[in-house]
Amino acid sequence: MSRFRQPSILPGFGLTLGFTTFFLSAIVLIPLAALIIKGSSPSLAELKEILLDPRAIASYRLSFGAALLAAVVNAIFGFIVAWTLVRYEFPGRRLVDALIDLPFALPTAVSGIALTAVFAPNGWLGLKLASFGVQVAYTWIGVVVALILIGLPFVVRSVQPALVEVQRDLEDAAETLGASPWQIFRRIILPAVLPAVLTGFTLAFARGIGEYGSVVFISGNLPMKTEITPLLIVIKLEQFEYQAAAALGLAMLVMSFIMLFAINLVQAWGRRRHVAAGR
Amino acid sequence: MSIELDQVTKRYQGVPVVNDVSISVAEGEFLVLLGPSGSGKSTLLRAIAGLTEINRGRVSLHGRDVTHVNAREREVGFVFQHYALFRHMTIGENIEFALRVRHAKAAERRARRQELLRLVALEGMDDRLPAQLSGGQQQRIAVARALAHRPKVLLMDEPFGALDAKIREELRRTIRQIQRELGISTILVTHDQEEAFALADRIGVMHQGRLLECGKPDDLYTRPATRFVSTFLGAANLLLGYRSKDGIRFAPPANPAPADAPPVYEIVTVLRPEEVEMASERKELKATFVGHARVEEVLFGGAVERLRVRMQDRGTVASAVKGAAAASEDGTLIEVTRTLPEKRQLPVTPGQRVALGARRIHVLPTPVSSFSVVAATEEDCARIAAAPLLQALSTRMVTRVNHRVEPTIGEPPTGKAARALAPPGVAAVESGPGGAARVEWLLRHGASQVLCLDPERPVPTRVVIHAASDAALRPTMAVASSLLRNLPVEAAFLDIQSPALPAEGRATQLRHLLDARSEAAAVHGLDVRTELRFGDSATELSRELAAEDIALLIVGLPLAPTDAWQKLLPIAKLLDARGGDPVLIVRAAT
């Protein structure tokens, strides 16, 4: 082990590594292992029946689809919000800045109920949208709206520090070199903040997949239509089908892991490309 | 002219940070803008590049007016203090950026890149990232990148500021060489005078948003026109002297003056530390005697020895100007530098008494040497001397404010002979009831510039200049430019014409107006805005000053000693008003 030891101002490599291992095991790995064991205890045929049930498949599609869509929307609009907060000085800027964190702090059920009240067909936004023939609450759109609300702070808070890092000098330099505003954005600003946007996107996406509290109120929970996988798991639990619940959980775990791993690979590839270009 | 600025003004929150700057840079010339931080030099550079909008004035590059053209289309190269390299691009991509956004072909880009890398002696670095280069190398890349699109003008904002001394010197040489090789007109901004001397064909010194002086390095050093430039470029002792037809003396003339004494003018002289000669006795001096002094401090500085000596005998020399601390009651602190051979000839120790001589003295062409507050009692003198405007001017001009008690001030002439000596410099009196009479008294007693002000009022935010006749134009401009260099406010020259004037007369008048401006620019290096009005001078002046803000009126009046009162009449109301705007009257001989 001494091979890995690096001189450091903080002593106790052994102690800290031990602590890290213990912590990860107790909080993350052991519960996950329990899930895997429980989830894979049914026979293969049973497992197939649970996981490929049309109702389950519809729920996967909604959960992952809505989370992906919400994360994309957040990546774009979260960037704009962060840009406004970093680049402009306006009255109430600090207040807006503080408001961004509110979805973090609010119990998710509260946001869900609030959104439902506003977007319900008789709520004041829902009423207006209904006149255009758009219904938000109790449809998949409602799920996306809820996930956008929940995921926004992740993108804004990841992009903000990255934008601060982009010095004005760089834009000025690009301008004197003849770049148009679009070229400055495309070639100077975007490459500098893209890793941060991707991080924010990943966080918002991951959060969206697992979100339960805010969605159940606005979605209406119609099987096959607006039922998300976490809700399906809760329903299975309520029906004392523990094995089915665990199996669904395991399926989500595997799918989430694959997706996040893929995003991480893309990020790592992007980083390596820069370093490789330097040699 | 490849770069031409015409009365460029830039304000931040109403305060001018670049104030009426006009400048021309010739083809292939290397101009260095030198100034302390906050003098507006970087803002001016950004304005030339189009990175900052200007509020007034005109910017031309190679005869093309680019005032309203954005930075992208100005075709300038800009080098930033902190390099501003694109960190996610390789060196090659950085250099090619300007060509890439212009959609140049790959082969052309590559050829230009090789050429530029060779120019800055960093061949083969194409594939590195900026972070893998040292500071000096990064700045060279920044220079190469700025030149990629073959700009006709190169602008550099403190390009060596973030580098250590040795690399700085090396890079300085590289940049000078590249600039010569390409023959590109260049403006470089710095606060380092050594850098300015090493690089510049011409140096422009900026202070408080104004371009004070612009000239060849050795001209600026040996013949500065302003106090600021003389002390900012190298060290200087500023001493008040007295010039008569007999020459320059440092001892103040006797008061009252003997009846047959020639007229004496107070002047400001620059005595460089290296031009001071030291000897143990007055008779051993080879240069002109200045005074006796006591050595206070001796510092060894390698090739030269630096000394500070204090001139004590106030009888002979009373008038030093460099800073309040230097000109205390104990005498005047003077800086001296000596070469080692000089030091060997007369080694000195602190406390030793020496005689000082001046090998070369430069007289500043400023009519404003010092200020003299004139009032009936010492208390009044002290009260007027505390006026914010006087305090601001005397501090910025590092000159002193004398107190002169004249019990008879403001009284009509009695006909008695004893001629009191004119107070030195600008005489200052209080405005309010009897103000015009006090001004008249001073003018009768030989004062040539009289400032009439309310001591309670704050520093003016605007200056209005007016000359009542063509003869008054020249002295008025001289005084105005001398003062304006020390007031960071906007100024306008007001020409007032009689509406009764026939058309030909108007043409002549207009020419005079333009003459006034070019005169101010050529003789005093100061550019002011000019405005033309039609009407009666007194009415127009009061209208101009009617605004809420505080304006300093500098007015030139042609005055013979006998008709002072009559000529004052148009502005007498201003002088007698309590709490009015300050007025500076410049007397022009008739």
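Residues numbered from 1 in each chain as written. Chains lettered and ligands numbered in written order. Predicted model: local features only at pLDDT ≥ 70, side-chain atom pairs only at ≥ 80, totals over all residues.

**Q** Break down the overall build of chain A for me, citing the residues and quoting the values.
**A** Scanning chain A from terminus to terminus reveals 13 helices and 0 strands. In chain A, the succession of α and β elements from N to C terminus is α-α-α-α-α-α-α-α-α-α-α-α-α. For chain A, the spread of C-alpha atoms along the three principal axes comes to 70 × 65 × 30 Å. Counting over 279 residues, chain A shows a buried share of 32%. A fraction of 77% describes how many contacts in chain A between residues 6 or more apart in sequence connect residues 24 or more apart. (Helix = DSSP H or I, 4+ residues; strand = E, 2+ residues; numbered from the N terminus. Buried ≥ 20, exposed ≤ 12 C-beta atoms within 10 Å, placed from the backbone. Contact = placed C-beta atoms within 7 Å.)

**Q** Mind laying out the domain arrangement of chain B, listing which residues take part and the relevant values?
**A** The extent of an interface is frequently quoted as the accessible surface area lost upon association of the parts. Residues and elements named next belong to chain B. In terms of domains, chain B is made up of domain 1 (3-232), domain 2 (237-363) and domain 3 (371-588). Of note, the centres of domain 1 and domain 2, computed from C-alpha atoms alone, are 41 Å apart. At the interface, 6 residues of domain 1 touch 4 residues of domain 2. At 3 residues, the largest contribution of residues to the side of domain 1 that touches domain 2 is made by helix H8 (residues 227-232). Among the residues forming the side of domain 1 that touches domain 2, the class breakdown is 1 nonpolar, 3 polar and 2 charged. (Domains from an automatic or database assignment. Nonpolar A, V, L, I, M, F, W, Y, C, P; charged D, E, K, R; others polar.)

**Q** Tell me about the interface of chain A and chain B, residues and numbers included.
**A** At the junction of the two partners, chain A supplies 19 residues and chain B supplies 22 residues. Broken down by secondary-structure element, the contributors of at least two residues to the side of chain A that touches chain B are helix H9 (168-176), helix H10 (181-210) and helix H13 (242-278) of chain A. With 6 residues, the top contributor of residues to the side of chain A that touches chain B is H9(A). Across the side of chain A that touches chain B, the residue classes break down as 8 nonpolar, 7 polar and 4 charged.

**Q** Describe in detail the packing of helix H2 (residues 91-100) of chain B against helix H3 (residues 106-119) of chain B, supporting the description with residues and values.
**A** For any two helices packed against each other, one specifies the crossing angle of their axes together with the interaxial distance. All names here are of chain B. Two elements in contact, H2 and H3, have axes whose closest approach is 9 Å; the angle formed by their N-to-C orientations is 125°. Taken together, the axes of H2 and H3 are oblique relative to one another. Here H2 runs over H3; the crossing is right-handed. Where H2 approaches H3, its residues Gly-92, Ile-95, Glu-96, Leu-99 and Arg-100 are matched on the opposing element by Glu-108, Arg-109, Arg-112, Arg-113 and Leu-116. Its residues placed into classes, the contact of H2 with H3 shows 3 nonpolar, 1 polar and 6 charged. (Axes fitted to C-alpha atoms, helices over the stretch in contact; angles between N-to-C directions. Parallel < 35°, antiparallel > 145°, perpendicular 65-115°, else oblique. Left-handed = near helix turned anticlockwise from the far one by under 90°.)

**Q** Give a detailed account of the sheet that holds strand S4 (residues 56-61) of chain B, specifying residues and quantitative values.
**A** Strand order in the open sheet formed by 4 strands is S2-S1-S4-S5 (chain B), and the pairing between neighbours is antiparallel. Unpaired on one side and paired on the other, strand S2 (15-25) and strand S5 (64-65) of chain B mark the two borders of the sheet. (Pairing = 2+ DSSP bridges.)

**Q** Describe in detail the sheet that holds strand S12 (residues 247-249) of chain B, supporting the description with residues and values.
**A** Residue and element names in this part refer to chain B. Strands sit in the order S12-S11-S13-S20 across an open sheet of 4 strands; the sheet is antiparallel. Across the chains shown, the open sheet's two edge strands, defined by having one partner strand only, are S12 and strand S20 (362-363). In terms of strand pairing, strand S11 (residues 237-244) meets strand S13 (residues 265-271) through 7 bridges, oriented antiparallel. Of the residues in S13, the one forming a bridge with Gly-241 is Ile-267.

**Q** How would you sum up helix H6 (residues 108-119) of chain A? Please name residues and give values.
**A** All names here are of chain A. In this model, H6 (12 residues) spans 16 Å end to end at C-alpha, consistent with the 16 Å of a helix rising 1.5 Å per residue. Those residues of H6 lying buried are Ser-111, Gly-112, Leu-115, Thr-116 and Phe-119. End-on view of H6: buried residues confined to an arc of 135°, all on one side of the axis. (Expected span 1.5 Å × (residues − 1). Arc of directions from axis to C-beta.)

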